[in-house]
Every structure is written in structure tokens, then in C-alpha cells.
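Residue strings, one per chain:
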Amino acid sequence: MTTRMPGRADEASLVSLGEIKELAEVGRPTVSNWRRRFAKEVLGTGGNGRMPFPDPVGGSDSKPLFDAGDVASWLDLRPIPDAEPEEDGTVPTYGDRFRRGLRLRGLVALRHELGSEDRLIVDALAVCAMAGEGGDWYPEYLPEHLLEDAENADPRVVRAVRDLIEELGSPAAAADTVLGLAERLESDLTTDTTPLAVARLISTLAGPVGVLSSGPDHPTVINLCAGTGELLFALDSIKGRGGIVAVEPDPLRRKLLLYRLFAHHCTAVDICAQAEELDTLRPWEQRELDLDPDRPWGIPSGDIVLADPPYAAGEREFDEGGPLGWALEAVNRLKPGGRGLVVVPSWTLSRPRGTTPTPNMRMREELLSRDAVEAIIQLPRRIHPFRTGAEHALLVLRGEAAPEQRGEVLLVDADRIARRVGGAWTAYVTEVVDAGRSPVDEEAGYFPVSAAGPRADTLLDGRSVLPAHRLASKEQGLDHFSATLDARREAAVALPGLKEWIGNLGIARRPEDSAVTHRKVGEHLRAGQLRLLAGHRIRESDIGDAGLMVIGREEMLGALPLGRRRIALEDLAEYPQAQTTERGDVFLLAEHGVRTLVDDAGGCVLLAPVQGLRIRAYRKFLAGEVLSDEVWMRPHPLSQLLAAPRNQHRGSGSLVRRVSVRDMDLPELPPEEVAELEAILKETDRQRADVRRQLAALDNLALRLAAGVADGDLALRRRPGSA
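Anyway, here's the lowdown on the structure attached to this text. Because the structure is predicted, anything quoted here is derived from the model rather than measured.

1. Comments concerning the packing of aromatic side chains
Under the counting rule described, the total for this entry stands at six aromatic pairs. Seen in terms of ring centroids, Trp 34 and Trp 74 are 5.7 Å apart; in terms of plane orientation they differ by 65°. Their pairing is edge-to-face. Residue Trp 34 is found in helix H3 (residues 28–37), and its partner Trp 74 is found in helix H5 (residues 68–75); the two are separated by 40 residues along the sequence. A relative accessible area of 7% places Trp 34 in the buried class. The exposure class assigned to Trp 74 is buried, which follows from its relative accessible area of 2%. Aromatic pair Phe 53 and Trp 74: ring centres 5.0 Å apart, planes at 70°, arrangement edge-to-face. With Phe 53 in the loop between helix H4 (40–43) and strand S2 (58–59) and Trp 74 in helix H5, the pair connects residues that are 21 residues apart, well separated along the chain.

Right, here's the structure in full:
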């Protein structure tokens, strides 16, 4: 029997191989294999009881068209592997998927006739809401605009949605399916949708909400920026419950959320346009005898407060109503013992405090100083499909801290966790938050909010509080003493000419009572011990092969040799902000790790994103104006310590992983140890250069030998008696 869709019967009754692939949700090779393996010619006359794949009924040899009803009947014979059985015990088939896809295709096609994707979605959800709330029996209890939308809905949409409800078994499933079509309908609703992985994480962190009832003494869930309800419906046991309070300023999304809740049989629903309206909700539910002057009417607070606002592309660091304002609003609305979960852009947590604190910084420090932040979870990059250039974090907020957790915040780098455990990162992060630790130290750890001492490592010290910038630890499972001895032994065997120098290299364990402290590069910059040199943007046409050496990303990555690219002085004069380096400066590329290089001559020009660090006292040391023991750091130790593994993994950023230079740290070493380390590293660089020259000479020898033999000019043989 031919399946005919409302309004587009002739077109919808025929499908191509590509459409079969999409509607059945399989790959194109799968459809081709079905058609080849189950062709009449292959099955023969008997067919062994197997039905052949339907023959084309139209189209051409290159693009055959098949009857949709025949295809659906054939696919009914093919169960979906590993699919969960239905409640009646039947196993879903590809035919079920195919028919659902046909119905959805019919809805999508109606969008062009209705002229608006919003009109189509409103009509469809109105039908679902009426079915979910029994509107045919109790219309007097439904909102007037719902009755109006349901009455004015296009008859073709009504028929298609009712068929979808019958096929899926519930108005709730049909409403969720229609909203899932928003992207295919090219609706703007999808741009603000909370990603499924983030919604799943928030759901598990919120925990089971139990049976919700309306009233001031019952548990309540508040969604401060509800959208179409992705976070609400991700919560466990939320469907079919009351006590749901949502705030959504957009009228269209408010209407769709209400209809979706009705489709899920949710009662006692309140949806406000502004958060201030929460204070005046449901005055009839508070009995006059129980009035408390210190407790306002309505639902001003909740046990669970959620927010994933649709942040604009532009940053709002200087806006009093910036992104962290949502977090403050959530804290103010939390009951004691409640939990808030708010998604914020990562830049709100990484901006350092300047001489004049911004509104964003003031809100961040207020959240921390009020002990309202339980955990900061740095979400995996590119987590949001429509905000590709942004990176986000999840704030876990608390109404009241337990005594053992006061003054501390758990930092969790879910981006690093996701790279290690893959798709199971949401469950893993939940376990980390519950346990307060991770087996890998650089993935999670507690940090004090404030502490005594001017140099204490606290979250109120004005630096970034992003987990990737704070979490650092020693390399796991590595004994540095044994590893260094092994490296020395391997170098001595591989390079016998260096055996004496390597053998004289003394290596010892540091005494346990002489622990090394660390200071951030940002502290050295503020103290005037280091100077940060910014890279410049220079037109490619101004770069040639004469003049000052140019150091850019290509040189740092080894794609171009040093000195290949240069800029003439007259061209450099067009860039008044450009600076040249000095001898002893350290070049730094902090993308996808850290790469460093010491400038042994000076007079170079840095191209962004390459930066430079200058040891201010080193120039006076070279001029003999200060003694060796007065120089706190030397170029080669600075270069190697910056590139140490503890700094390599501090990267953040959605598109390009960058390491914040100011958040790198350096150990505090005595001047004599720094001088000894400088001498060893300089000699290591000299020996490395010699070895590279030897390797280059061997490579050149092999090249010339092969070229001479290939051209027929050389005949090679070893001398008699040689090994």
C-alpha cells in the first residue's frame, strides 16, 4: 500500500535511495547492500522465504524512485540491532524509523506552505498540549491562547501531529520530536538550545528532584532562563510533576515551553517574563493565618536553580548586568542546602583583576567571598555547536556550605577529562564532584578562597580561576631522579664523544626539607622582574629576505629556519609599536602547548602570536653592572622552565588552545643554582648544535651518494678489511 502524506501526497509517496538512508537513519552503503543482497535475481524463485527488496516504480536508472509504503513494509522485517524492546515486548524495526521519518518529512514540507517555521512549531505543539491536558474534555482549565492556537492550527498539521502522537504513543514524545525538527526547519530556536551533554551533566549534578508539588514548603525547581525547556526536561522525575517555575523573557519561547509542559502532563506550571515576578507567584496558596512578614508571597527561592542564558557574541565585562549576574541571581534564590547550576562564558573566570576592578570582577569576587561557589567545571571546548568561538564553564553553587567545605572551591577540568575518557566524561565529572578529587591531580583539586599571607595561592588573588589555569602537578607516575639518570645513560651511549661531559653532570635528589615554592609569571611581571614583549601584526608584503630577523609561528614550530624571513628597517618604521628584542630575551609560543627559544644575539622582531619575556636585570649583568648572585633568573633556565610539563597543559580556548603566560609558574631557586643550571643548559645547547651539524653532514653525505649512483657517476665499495 502506498503511504500518502497530507498536502504532498504525490511527492511523499516516492523516495530515492538517499532518502531511504536518511529516513531509516542508516548509511548509504547499508541501503546499497540491502538492494544488492535481496534483489530478486539473487534470491531466486524460492527466495528461502525472504522478501526481495522493492523494485523501482519511477525515476531513472541513475536515480531510481521507490514506493514509500513498499519500502516501509520491507523494512518492517528488519529489527534494529541492540534496540531496547517496547513496553509490549516488540522490538523496534527500521520500518518504524522510516515511517516516523516520513511523517516528519511531511511536517517539514508544510513549513513552506505555512510561510513560517515558528507558525508550524506553535501549531504542532498546541496540538500536543491539547492532547496532553485533555483539552477536549476540560477546555475551561486551559489558557485562552492555547485554545486559540489549537483552533487556528492548520488542518494538515493537526492530522500529521495526531498521527505522530499515535505512532510514538504519547503527546510528550511527539512534542519533543517536533522541537527536534527546529534545525531542519532552519529555526533560530536551535541556536540557544543547551547541548545534550551539558544538560545530562546538569541533570546528574542536580540529582533526583522527587515528587514536586506547588507551595512554599515543597521542593521547587527554578529555571532562570528556560528557553524551550531542555534543562527542565533533562532533570530526573521532572515529567508529570508540579512545582515547576521558569523564567523566559522571549514570548515565543514562553509559549512553546508552556505547551511542551502541558504535553508532558506537568501541572501547576508558572512561567514568568522576568525573575522579579517570582516573588508574587501563587498568592492564593499561602493561607492568611500563616503570613510571615519576613517571608514574601510567591516562590522567591528554590531547592534547584538552573540557568543557561543565550550569551551574546560580544563580551560584557564592563556591564553591570553581565553573565555572572545570572549566577548571583541563582545564589540569591537558593534555599539553604539547595544547589544552583549556571553556565557562564569562560572569560568571566579568566580575566585578571586590573587597577580598576570591572563589574565582572566584582561579581566574581562576591560569589567567592560569599562562599557560594561549590565547584567550577571547565566544560569541553566546542561543546556548543552554535557558539563555536566560545568556551564555557559550569558553576555549581550552594545555598549553604557544609562546615568541612567552607572556604574552598573544587576546580574540575572537564575538557582534560573528556580527552582522556571520551563520551563518558559527564558521569566521570559527576563522580569527581561527589568525591572531591580525581585520580589525575591536574584534572581536579580544591583551592582556598582566601588565606593568610601576601603570596598565598587563593582564588581571591585577582588571577584567573579557570581550572586549566590553576591546576598543575608533577608528572604522574614518574620518578624524576631515575628518569634523568636513564636519560644521561642513553645520551652517553648514543654520543660517546660526550661521555666525559655527561658523566661529570652531577644529579641528586633534593632534600625533603627544602621544598621549592612557585610563583606565577604574572607576579614577576607586576614586580618588575620580567617584561612581557608583545608580538606584532605585520603585513606579509613587508616581510622579505633582508633586514632584521622576524620570529613568527613558523619559526617556533620549525617549519621555517631562523633568518629566512626578515624585515627592512624602513618597512619596520611603518609600525611604531614594534619592538626589537635584546640578547637574552626568551621567545614564547603558547598555542597547543608551550614552545620557547632563547635569543642569543638580539635585534629580532616578533610576529603575533609569538611573545617574548625579558629578564630586566640581565642586561645590567651582561654590562657588568650587577654581580652573578644578584640575577634571580637566566635566559636558558627561564626558557626550559616555562616549557616544563607543568605549564604545557594549562591551555584553554575553544578553537585554539592557548596557555596564559601570566598563569605559568616558575620555581624559586637560589642564584647559585640558577647560574649552575644556566651553564649546564648552555652547554647542552652547544652540544646539541654540534650533533645537529653532524646529523646534517651525514644526511648530506647520504644524499650525494644516492644522487651520484642514480646518475651513473659513482661506483661504491668498502675498503678491504673494513667492517
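2. Side note on the sheet that holds strand S20 (residues 611–615)
Spatial ordering of the open sheet is given by S14-S20-S17-S18, a layout of four strands whose pairing is antiparallel. Either end of the sheet is taken by a strand with one partner, and the two such strands are strand S14 (530–533) and strand S18 (595–598). Across the sheet, the axes of successive neighbouring strands diverge by a mean angle of 25°, strand direction being ignored. Examined bridge by bridge, S14 and S20 share four bridges and lie antiparallel to one another. What sits directly across from Leu 533, in S20, is Gly 612. Helix H26 (residues 635–642) contacts S14, strand S17 (586–589), S18 and S20 of the sheet and is inclined by roughly 175° relative to S18.

3. Some remarks on the sheet that holds strand S4 (residues 221–223)
Ordered in space as S6-S5-S4-S7-S8-S10-S9-S11-S12, the nine strands form an open sheet in which the pairing is mixed. A strand with exactly one partner marks an edge of an open sheet, and here the two such strands are strand S6 (269–272) and strand S12 (444–448). Taken over all neighbouring pairs, the strand axes of this sheet differ in orientation by 15° on average, direction set aside. One ladder, built from three bridges, connects S4 with strand S5 (residues 244–247); its direction is parallel. Counterpart to Asn 223 in the pairing with S5 is Ala 246. Of the strands in this sheet, S5 and S6 are in contact with helix H13 (residues 251–263), which crosses S6 at around 170°. Against the sheet, helix H18 (residues 425–435) makes contact with strand S8 (334–345), strand S9 (373–378), strand S11 (408–413) and S12, and its axis sits at roughly 160° relative to S11, the strand it touches most.

4. A word on the pairing of S11
Burial analysis of S11 places five of its six residues in the buried class, the great majority of the element. Looking at chain direction, S9 and S11 are connected through four bridges and run parallel. When the sheet's bridge partners are listed, Gln 378 is paired in S11 with Asp 413.

5. Details of unusual backbone geometry
Across the junction of Ala 608 and Pro 609, the peptide omega takes the value 15°, indicating a cis bond. Among the structural elements, Pro 609 can be located in the loop between strand S19 (604–606) and S20. A positive phi angle, near 55°, is found at Arg 382, a position not held by glycine. Classification of Arg 382 by relative accessible area gives partly exposed; the value is 47%.

Parameters at a glance
Residues numbered from 1 in each chain as written. Predicted model: local features only at pLDDT ≥ 70, side-chain atom pairs only at ≥ 80, totals over all residues. Heavy atoms only, no water. Phe/Tyr/Trp six-rings, centres within 6.5 Å; stacked < 30°, edge-to-face > 60°. Helix = DSSP H or I, 4+ residues; strand = E, 2+ residues; numbered from the N terminus. Buried < 20%, exposed > 50% of the residue type's maximum accessible area, 1.4 Å probe, protein only. Pairing = 2+ DSSP bridges. Axes fitted to C-alpha atoms, helices over the stretch in contact; angles between N-to-C directions. Contact = heavy atoms within 4.5 Å.

By themselves, these are just geometric observations and shouldn't be taken as functional.
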